[in-house]
Structure formats: C-alpha cells, structure tokens
Amino acid sequence: GKKQTARKADKQSFRKKVLILVGAAAVFYILASVFFSSRFFLRTEINGYSCQFKTVEQVKKMLHKGCEEFVLTLEERGEKTETITSKQVFLEFVDDGKIEAIKESQKGYAWLGAIFKKSVYENAATITFQEEELVKTVKDSGAVGINFNKDHATKKLVDTFHENDSLVSIWT
C-alpha cells in the first residue's frame, strides 16, 4: 500500500530530477556551442597571444596592436642596449584570412573537448617586416653581427645579413 506508493513517488521524483539535470546540461551545452561558434576556445594561443574567448576581430586588433608596440632590444657588449621599433623595420600584421581559418577549424560544438586540450598556433598569423631595414638599423647601431635563436632565424633574414657583410650566429 503506502510503502509502494511512496516508493513509486520517490522513483518519479528521482526521474524528474534526472530529466531536469539532463535538460539543464543540454541547454548549457547548446548555449556554450553558440558562444564558441564565434569565439576561440579556452586555452587557445596564436603567435604567443592568449586568444581564449575572443572573437576573430578582437584577435586581429590584438595582433595589430602587438606589432605596433613591438620593440626589439639589442644587447651589446659592455651591457649596453639599443632598441629597434616596429616602425623602423615596417613590422605589421597581415590580415590574410589565417585567423578566420583557425577559428573555422574550432567548431563551436566541439568546445567540451577543447577544455582538456591547449591549442597553440605558432607562426600562424602572418607578420611581415623589411629584412633590409632590420639589417640597416642593426648596422647603424655599430654592430658587426647578430645572434639569433634558431626559432627566429629565417633563411631570408640570415641571407640578408650575410649579403650586407654582417656576421650571424644562430643558437638553440
């Protein structure tokens, strides 16, 4: 009698709670999918910049600003330093669709799996500068050569220094 009715009511109450929980989780998943359809996933990094939760336009502005504010510091003998600004070497972000392509590869519905994985895109955005201007600026500083980390020395850059009678050493 009463025990069976109470058990039946408890089962219905439990089912109702489970349905509400599953429904809430589904709504949350759908809303997050819509959010991430236009924003980069958590733990997304492009060219060293954290892009999580940002839109494509926000990332482009960030990269453009980063290029404008970029300063290369030359460490010279005797603990002297000189700086080269982005304007001196015409450093700029090129909007060539690569940022959109990265976002398109991050499907909004796949956000849940992205929580557990860091997405790092190195050299993914196109950043250009005039190698000749860099060489000229370095030479104007009185330097006879330059040291590069192997990750930052392109063949074209090294060749440009060599063509201008500058020494180049590359370290790892």
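Residues numbered from 1 in each chain as written. Predicted model: local features only at pLDDT ≥ 70, side-chain atom pairs only at ≥ 80, totals over all residues. Heavy atoms only, no water.

1. Here's the deal with the sheet that holds strand 1 (residues 44–46)
Across the sheet, which stays open at both edges, the three strands sit in the order 2-1-6 with mixed pairing between neighbours. Each end of this open sheet is capped by a strand with a single partner; those strands are strand 2 (49–50) and strand 6 (119–121). One ladder, built from two bridges, connects strand 1 with strand 2; its direction is antiparallel. Paired with Glu45 across the strands is Ser50, a residue of strand 2. (Pairing = 2+ DSSP bridges. Helix = DSSP H or I, 4+ residues; strand = E, 2+ residues; numbered from the N terminus.)

2. Considerations on the packing of aromatic side chains
Inspection of the entire model under this criterion finds seven aromatic pairs. Judged by centre distance (5.9 Å) and plane angle (80°), the ring pair of Phe28 and Trp111 falls under edge-to-face. One end of the pair, Phe28, is in helix 1 (residues 2–36); the other, Trp111, is in helix 5 (residues 111–114), with 83 residues separating them in the sequence. Look at Phe28 and you get exposed, because its relative accessible area is 55%. (Phe/Tyr/Trp six-rings, centres within 6.5 Å; stacked < 30°, edge-to-face > 60°. Buried < 20%, exposed > 50% of the residue type's maximum accessible area, 1.4 Å probe, protein only.)

3. Observations concerning the side chain of Lys103
Looking at where Lys103 falls in the secondary structure, it is placed in helix 4 (residues 98–105). Those residues within four positions of Lys103 in sequence are excluded, and the remaining contacts are Phe36, Ser37, Ser38, Arg39, Phe40 and Val56. (Contact = heavy atoms within 4.5 Å.)

4. Concerning the pairing of strand 3 (residues 71–75)
Bridge count between strand 3 and strand 4 (residues 81–85): five bridges; the pairing is antiparallel. Within strand 4, the residue paired with Leu72 across the bridge is Ile84.

5. Considerations on the environment of Glu79
Along the polypeptide, Glu79 turns up in the loop between strand 3 and strand 4. Using a relative accessible area of 79% as the deciding quantity, one classes Glu79 as exposed.

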